[in-house]
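Coordinate analysis (summary)
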Amino acid sequence: MSLGKRIFVFDTTLRDGEQVPGCQLNTEEKIIVAKALDELGVDVIEAGFPVSSPGDFNSVVEITKAVTRPTICALTRAKEADINIAGEALRFAKRSRIHTGIGSSDIHIEHKLRSTRENILEMAVAAVKQAKKVVHEVEFFCEDAGRADQAFLARMVEAVIEAGADVVNIPDTTGYMLPWQYGERIKYLMDNVSNIDKAILSAHCHNDLGLATANSLAALQNGARQVECTINGIGERAGNTALEEVVMAMECHKETLGLETGINHKKLVPISHLVSTLMRMQVQSNKAIVGRNAFAHSSGIHQDGFLKHRETYEIIDEGHHHHHH
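Below is a short write-up of the structure. If you're wondering where the values come from, they're calculated on a predicted model, not measured in any experiment. (Residues numbered from 1 in each chain as written. Predicted model: local features only at pLDDT ≥ 70, side-chain atom pairs only at ≥ 80, totals over all residues. Heavy atoms only, no water.)

A few words now on the nonpolar core. In terms of nonpolar packing, the biggest core is built from 85 residues, with V157 and I170 touching the most fellow members. It is helix α6 (residues 150–162) that contributes the most residues to this core, 7 residues altogether. The residues contacting I170, other than those within four sequence positions of it, are C142, A145, L153, V157, Y182, I186, L189, L201, S202 and H204. (Core = buried A, V, L, I, M, F, W, Y, C linked by side-chain atoms within 4.5 Å. Buried < 20%, exposed > 50% of the residue type's maximum accessible area, 1.4 Å probe, protein only. Helix = DSSP H or I, 4+ residues; strand = E, 2+ residues; numbered from the N terminus. Contact = heavy atoms within 4.5 Å.)

A word on unusual backbone geometry. A negative phi holds for most residues other than glycine; trans holds for most peptide bonds. Even without being glycine, N232 reaches a positive phi, approximately 65°. Mapped onto the secondary structure, N232 falls in the loop between β8 (226–229) and α9 (243–252). What makes N232 buried here is its relative accessible area of 12%. Despite not being glycine, R237 has its phi angle at roughly 55°, a positive value. Turning to its location among the elements, R237 is positioned in the loop between β8 and α9. Given the relative accessible area of 51%, R237 is considered exposed.

In this section: the environment of A74. As for its placement among the helices and strands, A74 is situated in strand β3 (residues 71–75). You can call A74 buried: its relative accessible area is 0%. In this structure, the C-alpha to C-alpha distance between A74 and P50, residues 24 residues apart in sequence, is 6.8 Å. Among residues more than four places away in sequence, those in contact with A74 are G48, P50, A86, L90, R97, I98 and H99.

It is the contact of helix α2 (residues 54–66) with helix α3 (residues 80–89), at a shortest axis distance of 8 Å, that shows an interaxial angle of 40°. Contacts between α2 and α3 involve F57, V60, V61 and T64 from the former and I85, E88 and A89 from the latter. Classifying every residue of the contact of α2 with α3 gives 5 nonpolar, 1 polar and 1 charged. (Axes fitted to C-alpha atoms, helices over the stretch in contact; angles between N-to-C directions. Nonpolar A, V, L, I, M, F, W, Y, C, P; charged D, E, K, R; others polar.)

Strand order in the closed barrel formed by 8 strands is β1-β2-β3-β4-β5-β6-β7-β8, and the pairing between neighbours is parallel. Between one strand and the next, the sheet's axes are offset by a mean angle of 25°, whatever the strand orientation. With respect to the sheet, helix α5 (residues 117–134) is in contact with β4 (96–103) and β5 (137–143), its orientation differing from that of β4 by roughly 170°. (Pairing = 2+ DSSP bridges.)

Along the chain, the position of D11 falls in strand β1 (residues 8–11). Despite its burial, D11 pairs with no opposite charge, the nearest such side chain being R15 at 9.8 Å. Beyond its immediate chain neighbours, meaning those up to four positions away, D11 contacts L37, V42, V44, I45, E46, C229, T230, I231 and L243. (Lys, Arg positive; Asp, Glu negative; His and termini not counted. Salt bridge = Lys/Arg side-chain N within 4 Å of Asp/Glu carboxyl O.)

What follows deals with helix α1 (residues 27–40). Between its first and last C-alpha atoms α1 spans 20 Å; for 14 residues at 1.5 Å apiece the expected length is 20 Å, and the two agree. Inspection of α1 places T27, E29, K30, I31, V33, A34, A36, L37 and L40 among the buried residues, and these make up the whole buried set. Turning to α1, the residues buried within the fold contact β1, β2 (44–48), α2, α9 and α11 (268–278). Its side-chain oxygen 3.1 Å from the backbone nitrogen of E28, N26 forms the N-cap of α1. Once α1 ends, the next one or two residues include G41, with phi positive near 105°. (Expected span 1.5 Å × (residues − 1). Polar contact = N/O pair within 3.5 Å; in protein donor to acceptor, adjacent residues only side chain to side chain.)

Below you can see the structure in the form of structure tokens.
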């Protein structure tokens, strides 16, 4: 397996997914999900936003004790207090990551943050340097990257990599980009950031136009090496990129894309059911990969033999029998 072709799967079910009103989990439930994500084979679990509440802080601590294989990540703003608190919550993690960041579009910089580009760059660099002192890895998110000025975005990416960022997340925060636009934005960064070989670019898409999976794949085709997703695509508004969709798209098109993940496909349906049950969020029957109708034997993808019968459909069928009563 050539190194460049391994895609890291970053799951944010317990952080971004949990922002849906009525879907909050207690610490015990979060640990159950984290253990299932570990068995599924995700590379990174974003466990929470520690500064947001004592409950979130405690959940992150408990997850680091319960799960040791994946990297455990905590979200912060680009603020010193946030970063220190996240470092504290991650102190028992075998592999810890802080995910910090700030707005990168002029809309965010001028209206939300009431600041200037130069100021924002300084804050970004300071946040990365500080986070680097308290955890193993640092991921930086350029919020609203989809609407950012491309040249400025490249400057920001270069500056945070220079400051020590291991991963740089290029989120389509509002979920409005088209796949070719998002792919081009990733390609522009790959081609114009001088130190891009020192970090990994990450795709974080929202599904407002139903394009999260397509956008994520466009980013991966253009050089992103990490994809941020949630089980069943849960998340606020129209949700995040669905882990099962983007993973199975890579799996079905291994020859075309040449991309692989460490995900155990047999566990996709069980974890879909687990998350759906715990968060009391029904999966629509016509949802790709894990929806009830996706198992019907007349399924087009099944007949076309894109998914070799033995390898995939029988695997998925195991989790399916007790699903129809």
